[in-house]
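Spelled out from the first residue to the last, the chains are:
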Amino acid sequence: QVQLVESGGGLVQPGGSLRLSCAASGSIFSVALMAWYRQAPGKQRELVASIESDGYTNYVDSVKGRFTISRDNAKNTVDLQMNSLKPEDTAVFYCNAEIASAMDYRYKYYWGQGTQVTVSS
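Figured I'd write up the structure that's included with this text. (Residues numbered from 1 in each chain as written. Predicted model: local features only at pLDDT ≥ 70, side-chain atom pairs only at ≥ 80, totals over all residues. Heavy atoms only, no water.)

## Some details on the nonpolar core
In this structure, Trp-36, Leu-80, Met-82 and Phe-93 are the most contacted members of the largest nonpolar core, which totals 30 residues. When contributions to this core are tallied by element, the ones reaching two or more residues are β1 (2-7), β3 (18-26), β4 (28-39), β5 (46-51), β7 (67-72), β8 (77-82), β9 (91-101) and β11 (115-119). Sort the elements by how many residues they give to this core and β9 lands first, with five residues. (Core = buried A, V, L, I, M, F, W, Y, C linked by side-chain atoms within 4.5 Å. Buried < 20%, exposed > 50% of the residue type's maximum accessible area, 1.4 Å probe, protein only. Helix = DSSP H or I, 4+ residues; strand = E, 2+ residues; numbered from the N terminus.)

What follows is the structure, encoded as structure tokens:
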């Protein structure tokens, strides 16, 4: 069984920083794409940033230059460093990963439980 566990959310003032972490655990054979999504109240879930196993990254325009996604392939973890946070960044952030389990070697997408990020003075 594969699971993703996130940590690092919280309350921060505008202009502040937070770092989110996500660890994949369980019977893992291989991890391909890892990503962070967010969902603000009343809005659809959106892709914030993604990173391939070779390090290629992609960001939504609204976070470019402020957020940095990184991963540790040996530990099956992905982090999201968020700087210069704005009130409009307030959302529940979800970790997402494309993982092949050691049970069947088939890639599937897994989601974390979500972590709240609130940017407010």
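Having seen it, we continue.
## Some thoughts on the sheet that holds β1
Across the sheet, which stays open at both edges, the four strands sit in the order β1-β3-β8-β7 with antiparallel pairing between neighbours. Two strands lie at the open edges of the sheet, namely β1 and β7, each paired on one side alone. Averaged over all pairs of adjacent strands, the angle between strand axes in this sheet comes to 15 degrees, irrespective of strand direction. Pairing geometry for β1 and β3, over six bridges, is antiparallel. Paired with Val-5 across the bridge in β3 is Ala-23. (Pairing = 2+ DSSP bridges. Axes fitted to C-alpha atoms, helices over the stretch in contact; angles between N-to-C directions.)

## Notes on the state of the cysteines
With the rule as written, the count across this model stands at one disulfide. In this model, Cys-22 is linked to Cys-95 through a disulfide, with the two sulfur atoms separated by 2.1 Å. Disulfide Cys-22 to Cys-95: torsion about the S-S bond roughly -80 degrees, handedness left-handed. Of the two residues, Cys-22 is situated in strand β3 and Cys-95 in strand β9; the sequence distance between them amounts to 73 residues. Relative accessible area serves as the criterion here: at 1%, Cys-22 is assigned to the buried category. (Disulfide = S-S within 2.5 Å.)

## Digging into the pairing of β5
Both β4 and β5 contribute to a ladder of five bridges, which runs antiparallel. Each bridged residue has a counterpart across the sheet, and for Arg-38 the counterpart in β5 is Glu-46. Here β4 folds back onto β5, and the loop between the two strands holds six residues, one of which, Gly-42, carries a positive phi near 75 degrees. Across three bridges, β5 lies against strand β6 (residues 57-59) in antiparallel orientation. Note that in β6 the partner of Ile-51 across the bridge is Thr-57. Hairpin connection, β5 to β6: the antiparallel pair is bridged by five residues, and Gly-55 has positive phi, about 95 degrees.

## Quick notes on the pattern of salt bridges
A complete count under the given rule lists six salt bridges for this structure. For Lys-64, the salt bridge is made with Asp-61, and the minimal N-O distance between the two is 2.9 Å. Each of Arg-38, Glu-46, Arg-66 and Asp-89 takes part in a single network of salt bridges with overlapping partners. (Salt bridge = Lys/Arg side-chain N within 4 Å of Asp/Glu carboxyl O.)

Purely spatial values, then, with no claim about function.
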